[in-house]
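Results of the structural survey
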Amino acid sequence: MIRSRIKSPEKVSLTNAPEVELLLRPSVRARRLSLRVSRLDGRVTLSMPTGTLRREALRFAEERADWIRSHLEDIPQDMRPALGDTIPFQGRDHRLIVGTGRTVQAGNGTISFPQAAQSNPAPRLMAFLKQHARARLDTASRHYASEIGYEFGKLTLRDTRSRWGSCSSDGNLMYSWRLIMAPPEVLDYVAAHEVSHLVHMDHSSAFWNQVEEIFPDYRAPRKWLRDNGANLHRYRFKD
């Protein structure tokens, strides 16, 4: 009998849960079978020691089909913002309304749109969030860079799902513009974190000491991102 072993990542559907797609991922570092459900995109990954039998891996996952379904049900559903909805902006929920101005404006717990945008406010809302994110992140990055006596290169915004920011070896900073939806101290923490990489391009104890020096209370906003960051990705602004 030929026993099929998993040698490289592959996607399968569970027999006991046909609507669930599973990524089988062998790893030389894995010591046991383990399941993970991503709260960002709902991807279900089964990590396993290299050479694990396919039938063994599938049996492990199918025995836990109910566990997988329950975690998938807990993931927030995607939402395309429309008038009357609320969306977080700088850590506070703002209701989307039609205003009297010609531009998108925030104030008193609302974000108002011109009459012309009322049928489809999402694109203008995304542009508004990006504009404010760039201004806030640039200011925060310059502040923390001056604290450590360094300068950064370019600052770019992206809609990344795997990280909230990064610092390249040549000193360029990248941030997720969705940070503008988080509380201000969370955005500031990420800026302090990435600026600290100008000094230490790793996550060593020296790096964390640098973060704590310029942003002493970093643990609370770091935890906020772990607990709530996925919710910021549920908002969809494009078709």
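You'll find the protein chain entered in an unreviewed UniProt entry as SprT family zinc-dependent metalloprotease, with Aliiroseovarius salicola given as the organism.

A word on the sheet that holds strand β9 (residues 155–158). Pairing within the open sheet is mixed, and its 3 strands lie in the order β9-β11-β10. Taken across any chain shown, the strands that pair with only one partner, and hence form the sheet edges, are β9 and β10 (165–167). Averaged over all adjacent pairs, the angle separating strand axes in this sheet is 15°, with direction ignored. Summarising the sheet, β10 and strand β11 (residues 173–176) pair through 3 bridges and their orientation is antiparallel. The residue of β11 that forms the bridge with Ser 166 is Met 174. In the packing of helix α3 (residues 122–148) onto the sheet, the strands contacted are β9 and β11, and the crossing angle to β9 comes to about 140°.

Before going further, it helps to examine the packing of aromatic side chains. Inspection of the entire model under this criterion finds 7 aromatic pairs. On the numbers, 5.0 Å between centres and 75° between planes, the contact of Phe 207 with Trp 208 is edge-to-face. Note on Trp 208: relative accessible area 15%, which makes it buried. Relative to Tyr 218, the ring of Trp 208 lies with its centre 5.2 Å away and its plane at 25°, an arrangement referred to as stacked. You can see Trp 208 sitting in helix α5 (residues 205–214) and its partner Tyr 218 sitting in the loop between α5 and α6 (219–228), a full 10 residues away along the chain. With a relative accessible area of 6%, Tyr 218 lands in the buried category. An aromatic cluster is defined as three or more aromatic residues linked by ring pairs; in this entry it consists of Tyr 144, Tyr 189, Phe 207, Trp 208, Phe 215 and Tyr 218. For Arg 64, the ring lying beneath its charged end belongs to Phe 60, and the centroid distance is 3.7 Å. Looking at Arg 234, its charged tip hangs above the ring of Tyr 235, at a distance of 5.3 Å from the centre.

A few words on the pattern of salt bridges. On inspection of all chains with the given rule, the structure shows 7 salt bridges. Asp 159 is paired through a salt bridge with Arg 178; the nearest N and O atoms lie 2.7 Å apart. Residue Asp 159 is found in the loop between β9 and β10, and its partner Arg 178 is found in the loop between β11 and α4 (184–196); the two are separated by 19 residues along the sequence. Classification of Arg 178 by relative accessible area gives buried; the value is 3%.

Moving on, we get to the nonpolar core. Grouped together as the largest cluster of nonpolar side chains are 48 residues, with contacts concentrated most on Ile 87, Ile 111, Leu 125, Leu 129 and Tyr 175. Among the elements that make up this core, the one with the highest residue count is α3 (10 residues). Aside from chain neighbours lying at most four places away, what touches Ile 87 is Pro 81, Arg 92, Asp 93, His 94, Leu 96, Ile 111, Leu 125, Leu 129, Met 181, Tyr 235 and Phe 237. In terms of nonpolar packing, the next biggest core, distinct from the first, is built from 15 residues, Leu 14, Leu 24, Leu 35 and Leu 46 among them.

Moving on: the layout of surface pockets. As a volume, the largest pocket reaches approximately 730 Å³. Along the wall of the largest pocket there are 28 residues; nearest its centre are Ser 162, Arg 163, Trp 164, Leu 225 and Arg 226. Those elements that place two or more of their residues in the lining of the largest pocket are β3 (34–37), β10, α4 and α6. Among the residues forming the lining of the largest pocket, the class breakdown is 10 nonpolar, 9 polar and 9 charged.

It is worth spelling out the packing of α3 against α4 at this point. The contact between α3 and α4 brings their axes to 9 Å, and the two run at 50°. If you check the angle between α3 and α4, you find them oblique. As for the relative orientation of α3 and α4, their crossing is right-handed in sense. Residue-level contacts link Arg 136, Leu 137, Ala 140, Ser 141, Tyr 144, Ala 145 and Ile 148 of α3 to Pro 184, Leu 187, Asp 188, Ala 191, Ala 192 and Val 195 of α4. Among the residues making up the contact of α3 with α4, the classes are represented as 10 nonpolar, 1 polar and 2 charged.

Analysis parameters
Residues numbered from 1 in each chain as written. Predicted model: local features only at pLDDT ≥ 70, side-chain atom pairs only at ≥ 80, totals over all residues. Heavy atoms only, no water. Pairing = 2+ DSSP bridges. Helix = DSSP H or I, 4+ residues; strand = E, 2+ residues; numbered from the N terminus. Axes fitted to C-alpha atoms, helices over the stretch in contact; angles between N-to-C directions. Contact = heavy atoms within 4.5 Å. Phe/Tyr/Trp six-rings, centres within 6.5 Å; stacked < 30°, edge-to-face > 60°. Buried < 20%, exposed > 50% of the residue type's maximum accessible area, 1.4 Å probe, protein only. Lys NZ or Arg CZ within 6 Å of the ring centre and 35° of its normal. Salt bridge = Lys/Arg side-chain N within 4 Å of Asp/Glu carboxyl O. Core = buried A, V, L, I, M, F, W, Y, C linked by side-chain atoms within 4.5 Å. 1 Å grid on protein atoms, 1.4 Å probe; cavity = no way out; pocket = protein on both sides within 12 Å on 5 of 7 lines; lining within 4 Å. Points joined across faces, edges and corners; volume = space filled by probe spheres on them. Nonpolar A, V, L, I, M, F, W, Y, C, P; charged D, E, K, R; others polar. Parallel < 35°, antiparallel > 145°, perpendicular 65-115°, else oblique. Left-handed = near helix turned anticlockwise from the far one by under 90°.

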